[in-house]
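Chain by chain, the residues run as shown.
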Amino acid sequence: GESVGLHLPTLSVQEGDNSIINCAYSNSASDYFIWYKQESGKGPQFIIDIRSNMDKRQGQRVTVLLNKTVKHLSLQIAATQPGDSAVYFCAERRVGDSSYKLIFGSGTRLLVRP
Amino acid sequence: DAGITQSPRHKVTETGTPVTLRCHQTENHRYMYWYRQDPGHGLRLIHYSYGVKDTDKGEVSDGYSVSRSKTEDFLLTLESATSSQTSVYFCAISVEGSGNQPQHFGDGTRLSIL
């Protein structure tokens, strides 16, 4: 069963459309950010990361955008597929944290309509 | 696949009993982490380890202890389980040698305390 959040914000998109998932992070001293995908019954899966010296990074069908001025991170998924349905988390890491600890957002559920 | 195995995958136990969860990795990474995941809270760090016998507390460490006697194993113990510790527990490792050292997760242990 689903344990990731009964009241998560949800984004519903049509299969084939592009998806944009947003995240506001909390600390201007964070220098590294990650997006994770979590499917039901599984652990978070690494999608893409970005350092604070960049404002855009592209992967396969995914792009992460970073706006440090307003402390905002977004994940864009091109040509969304049914297999993209999951909960997506952003995470941040603070400058100088030698333990590499991450601080997670509460997540967004992506539903892909066939 | 980051070579992380969590055991058991599911456990039901009674209040007041001790519980130990195991995280095993096959790649000799130095940093390991225990998180819990609850609806509305995302992932919260319980404890982490930065080497054999080297551990430190996270944000929700009360009621939990950890041990790391070997590089490959990181154990999480609930000395006297309470119903508030019903949750899904995830282990993660920080992948060295990849520059940014992103965390990769196991598939979790679902723990129910009655």
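First things first, this report covers the structure right here in the doc. Here, residues in each chain are numbered from 1, in the same order as that chain's written sequence. In the order they appear in the text, chains get letters beginning with A and ligands get numbers beginning with 1. For a predicted model such as this one, the threshold for reporting local features is a pLDDT of at least 70, and the threshold for listing and counting side-chain atom pairs is 80 or more; totals across whole chains, interfaces and linings nevertheless cover every residue. As a convention, hydrogens and water are excluded, and side-chain values are obtained from all of the structure's heavy atoms.

1. Quick look at the nonpolar core
Residue and element names in this part refer to chain B. In these notes, a set of buried Ala, Val, Leu, Ile, Met, Phe, Trp, Tyr and Cys residues joined through side-chain atoms within 4.5 Å is what counts as a nonpolar core. For the exposure calls, accessible area comes from a 1.4 Å probe over protein chains only, and a residue counts as buried if that area is under 20% of its type's maximum, exposed if over 50%, partly exposed in between. Ranked by size, the top nonpolar core spans 20 residues in total, and within it Cys23, Trp34, Ile46, Leu76, Leu78 and Tyr89 carry the most contacts. Elements with a minimum of two residues in this core: strand E3 (19-25), strand E4 (32-38), strand E8 (73-78), strand E9 (87-94) and strand E11 (109-113). The criterion used for residue contact is that any of the two residues' heavy atoms lie within 4.5 Å. Not counting chain neighbours up to four residues away, the residues in contact with Cys23 comprise Ile4, Thr5, Met32, Trp34, Glu72, Asp73, Phe74 and Cys91. Only DSSP runs of H or I with at least four residues qualify as helices, and only runs of E with at least two residues qualify as strands; both kinds are numbered from the N terminus onward.

2. Description of the interface of chain A and chain B
Contact with chain A, which involves 25 residues of that partner, is made by 24 residues of chain B. What counts as buried area is the accessible surface, traced by a 1.4 Å probe, that two parts surrender upon association, with contributions from both included. Together, the buried faces of chain A and chain B total about 1,900 Å²; carbon and sulfur atoms form 54% of this surface. Think of a salt bridge as a Lys or Arg side-chain nitrogen and an Asp or Glu carboxyl oxygen that are within 4 Å of each other. Counting the contacts that link chain A with chain B gives zero salt bridges. What qualifies as a polar contact is a pair of N or O atoms within 3.5 Å, subject to a donor-acceptor requirement within protein and to the restriction that residues adjacent in sequence count only when both atoms come from side chains. For the pair chain A and chain B, the interface holds six residue pairs in polar contact (both at pLDDT 80 or more). The element best represented in the side of chain A that touches chain B is strand E3 (residues 30-38) of chain A, accounting for four residues. Per-class residue counts for the side of chain A that touches chain B are 11 nonpolar, nine polar and five charged. Three classes are used: nonpolar for Ala, Val, Leu, Ile, Met, Phe, Trp, Tyr, Cys and Pro, charged for Asp, Glu, Lys and Arg, and polar for all others, with Gly counted as polar.

3. Structural notes on the pattern of salt bridges
Residues and elements named next belong to chain A. For the structure shown, the criterion picks out eight salt bridges over all chains. Between Asp31 and Arg51 there is a salt bridge; the shortest N-O distance is 3.5 Å. With a gap of 20 residues between them, Asp31 in strand E3 and Arg51 in strand E4 (residues 45-51) connect regions that are remote in the sequence. Of the residues examined, Arg51 reaches a relative accessible area of 28% and is grouped as partly exposed.

4. So, the environment of Glu14(B)
All names here are of chain B. On the secondary structure map, Glu14 appears in the loop between strand E2 (10-13) and E3. Along the primary structure Glu14 and Ser112 are separated by 98 residues, whereas in three dimensions their C-alpha atoms are 8.3 Å apart. Not counting chain neighbours up to four residues away, the residues in contact with Glu14 comprise Ala81, Ile113 and Leu114.

5. Considerations on the sheet that holds strand E6 (residues 62-67) of chain A
Residues and elements named next belong to chain A. Taken in spatial order, the four strands line up as E2-E7-E6-E5 in an open sheet, and their pairing is antiparallel. Every interior strand has two partners, whereas the edge strands, strand E2 (19-24) and strand E5 (56-58), have only one. Put simply, the sheet's adjacent strands are angled 15° from each other on average, direction ignored. Note that E6 and strand E7 (residues 72-77) share six bridges and pair antiparallel. Bridge pairing links Leu65 to Ser74 in E7. Between any two strands, at least two bridges found by DSSP are needed for them to pair. The angle between two axes is taken between their N-to-C directions and runs from 0 to 180 degrees, where each axis is a line fitted to C-alpha atoms and a helix contributes only its stretch in contact.

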